[in-house]
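Descriptive structure summary
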Amino acid sequence: MKATRLLGILFNKATDTFPVSPSLTDILVSLTEALRANSKETKFKLYLLQAIGEIMIFIAGRTPDNSLVPGFTYQLIVRCLKDGDDTALNHAACKIIENLLLVADKQADKLATSDVAVALWNIASTDILPKMNVLYENTNILTRAKAYTLTYVLLSTYSESLFTLSDTKLFQAIERDVRRTSADPDENDLLHESLNRLTALLSSHVNRILGTYIYICKTKRINRRFSKNIPDELLTSTEQTRKTSSAKDAFKKWLPSFRLISIIIGNHCIRSRVVTLMSIKKLFKLFSNIKLIAELNTELIKGPSSLTEIISYVSQTLDAFVRARDLLSLFSEILLTDLLPLCSQLLVSSNVDEFSLCALCILNELLTELKLTDCVLPSHVQRDIKQELHQTFLSIICDRHILREEPIALLSLRFIQTIWTLIDHTSTPFSIQSQSNLISNLFTLIMQNKDKSTGTFMQGIASCLTTLSEQREIIQTMIEQGLVSIQLQLIQDQLASSSTDRSVMNILLELLSLLDRDLTYVLDVVKRALQVKKTGAGDSDLPSIAEKLLQVHKPLVTLVGPMINLLPNEDPSIAKIALHNLSLLTQLIGSEGKAILSKNHIHILSSILRTSDTTKQKLLLRAIKRLISGDKRSLDVARSNTNNELTQALQQLKKSAASEADAGLISHIDDLLHLLM
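Residues numbered from 1 in each chain as written. Predicted model: local features only at pLDDT ≥ 70, side-chain atom pairs only at ≥ 80, totals over all residues. Heavy atoms only, no water.

Things to note about the environment of Asn-122
Secondary-structure assignment places Asn-122 in helix α6 (residues 114-136). When the C-alpha positions of Asn-122 and Glu-160 are compared, they lie 9.9 Å apart, and in sequence the two are 38 residues distant. (Helix = DSSP H or I, 4+ residues; strand = E, 2+ residues; numbered from the N terminus.)

So, the nonpolar core
If you look at the biggest cluster of nonpolar residues, it comprises 180 residues, and the most contacted ones within it are Phe-287, Phe-321, Leu-389, Phe-415, Ile-416, Leu-468 and Leu-567. Two domains each put at least three residues into this core: domain 1 (1-183) and domain 2 (604-676). The residues contacting Leu-389, other than those within four sequence positions of it, are Leu-340, Leu-363, Leu-367, Leu-370, Leu-394, Phe-415 and Ile-419. Membership of the second largest hydrophobic core comes to 35 residues, among which are Leu-31, Leu-48, Phe-58 and Val-69. (Core = buried A, V, L, I, M, F, W, Y, C linked by side-chain atoms within 4.5 Å. Buried < 20%, exposed > 50% of the residue type's maximum accessible area, 1.4 Å probe, protein only. Domains from an automatic or database assignment. Contact = heavy atoms within 4.5 Å.)

Here's the deal with the state of the cysteines
In total, this model carries zero disulfides according to the counting rule given. Here Cys-398 is not disulfide-linked; the sulfur of Cys-464 is the nearest cysteine sulfur, at 8.0 Å. (Disulfide = S-S within 2.5 Å.)

Quick word on the confidence of the model for the chain
Taken over all residues, the pLDDT of the chain has a mean of 81, while the share at 70 or more is 90%. Mean pLDDT values over the elements of the chain span from 28, in strand β2 (residues 217-218), up to 92, in helix α28 (residues 572-588). Across residues 212-231, confidence stays below pLDDT 50; counting only partners more than four residues off in sequence or on other chains, it has 29 contacts. (pLDDT = per-residue confidence, 0-100.)

A few points about helix α7 (residues 141-157)
For α7, built from 17 residues, the straight-helix expectation of 24 Å at 1.5 Å per residue is met to within 8% by its first-to-last C-alpha distance of 24 Å. Those residues of α7 that sit buried are Ile-141, Arg-144, Ala-145, Ala-147, Tyr-148, Thr-151, Leu-154 and Leu-155. One side-chain oxygen of the residue at the start of α7 lies 2.9 Å from the amide nitrogen of Leu-142, identifying that residue as Asn-140. (Expected span 1.5 Å × (residues − 1). Polar contact = N/O pair within 3.5 Å; in protein donor to acceptor, adjacent residues only side chain to side chain.)

Section: the pattern of salt bridges
As enumerated under the stated definition, the model contains 17 salt bridges in all. In this structure, the salt-bridge partner of Glu-98 is Lys-95, at a minimum N-O distance of 3.6 Å. Of this pair, Glu-98 and Lys-95 both sit in helix α5 (residues 87-103), three residues apart, roughly one helical turn. Given the relative accessible area of 40%, Glu-98 is considered partly exposed. (Salt bridge = Lys/Arg side-chain N within 4 Å of Asp/Glu carboxyl O.)

Below is the structure:
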């Protein structure tokens, strides 16, 4: 190591009398081989490179003959220039090139290449980026205007610098200053002039990257003199890569472009000046190509790689496009013709999680827009999209994705629930078979995630089931596939949970709403069956159907006690629906001899009677009457309650009802007091 350093110093101090001989070639060969062989010895590599540089400069200063320097010595200098992990080695290589260019042009011919220029720019940018960030954030308007002008010059001179500048605060600064207005008109004009010039250049670069066709039209006629066909750089490259084996190298080359596109589409102020209809269509085509390439190179998506990063960037870009209401409004025509077919392709022909996630995120964002009262899409486009989502995508997601791992399953639940609320089911019915498959898969999903009974995922399932139960036909399908046991287990799990998290209460509320829909449906069938028995008119099978429903729902009698316990719940929504469920349970199956009241139940019922309004009081009185008249054990508990708490509450309530001349309430109280006396 010391000998190498001494050799470099020796040639640095050599005088003109020192001879130039062919033996110098041998020395360079030896030093170059040593440099190549000692890849991990960073300090030794630096001394070797410095010695090589001193010898090359010594030769260049004394003879125009560059044959004394081996070709692979030049190659190794360029390699040291590209070594991004060793800044000292980068600096030494830069110094060699600088000195050679100053000493003799001919000696530096082999280093004067575009490849070296790019490497030098990449090194220089690590000094430039921090300084540019300071300029973009400067409080002085004129300084920022100059910074944008400098950026324009850099991009005009070397367009590839755009990828480096994307790592700065350039885009955030543009977004900020586009919205600002300076009090000084001259400063304001200067700033916005520089911004307009820069964003126009950005537009041309992005369009070139995506590969769009630019037409300049005047008075409905194409001005052919200005029309030009921009090369389809990324699009053509991805088409070619599908047919070659150089995919891995191609991904590294494309990565900065996709990252840049993602940044620009996600920036509100820039995208409005840059994005065109054709560029969006090209983006959809690009993603389609990336999907096909990924399927041909499955080993590259099993872990972190340039390909997975590209997929992530394009997914972010498409998601940003759907979130951008200004773009949706401008390009609504391509949602049906381009975007939805792409999503269908991503969902149908691939099991790659990244593609499924991307498609589901896009579809859910589109549904979010459709739900808005001020939706930016034309009414006919809204109608056609809803129909396509319901008829095509609902069955795909129900059959292929609902049973996959999170977050795919959760996004699928969100899609199903939202589209269900947006569709007029009378005009676009869901087939019986599809309904059956959907419910079956949802129940399977519940069984597969028993250990997540109190998490966000279970809340998503419960919420989806509640939404679906708005359709009577769906409730019947649910009952046939085991709804009673499913909801009984889920409600018991929530009640048994020791967690005080709000999500537990949300899940419980969803489940109680589902139970309410279920019991309301059964009660309606029972009432209609009784009408058939009474009049002899109607569906003769209805009584037997009602009887079967009652038999199936008998296990729910065990929820009578839990519903009473929920009546004083702090959440008024839970307390209200618990009371309604208690009323329904007692009407249907409360006298089956299994719902035994406890002393605590009597205490809760007495307290709620004193504090509730008249409507709730009547529901409670009817429920209590059914419970104590249907089981002698419950009646004994009510009679022997400490200090006759229930009786006292009823007598107090009767006085209050008498003062308000509420005959109906008094009648209910008297019936109950008669049982208790």
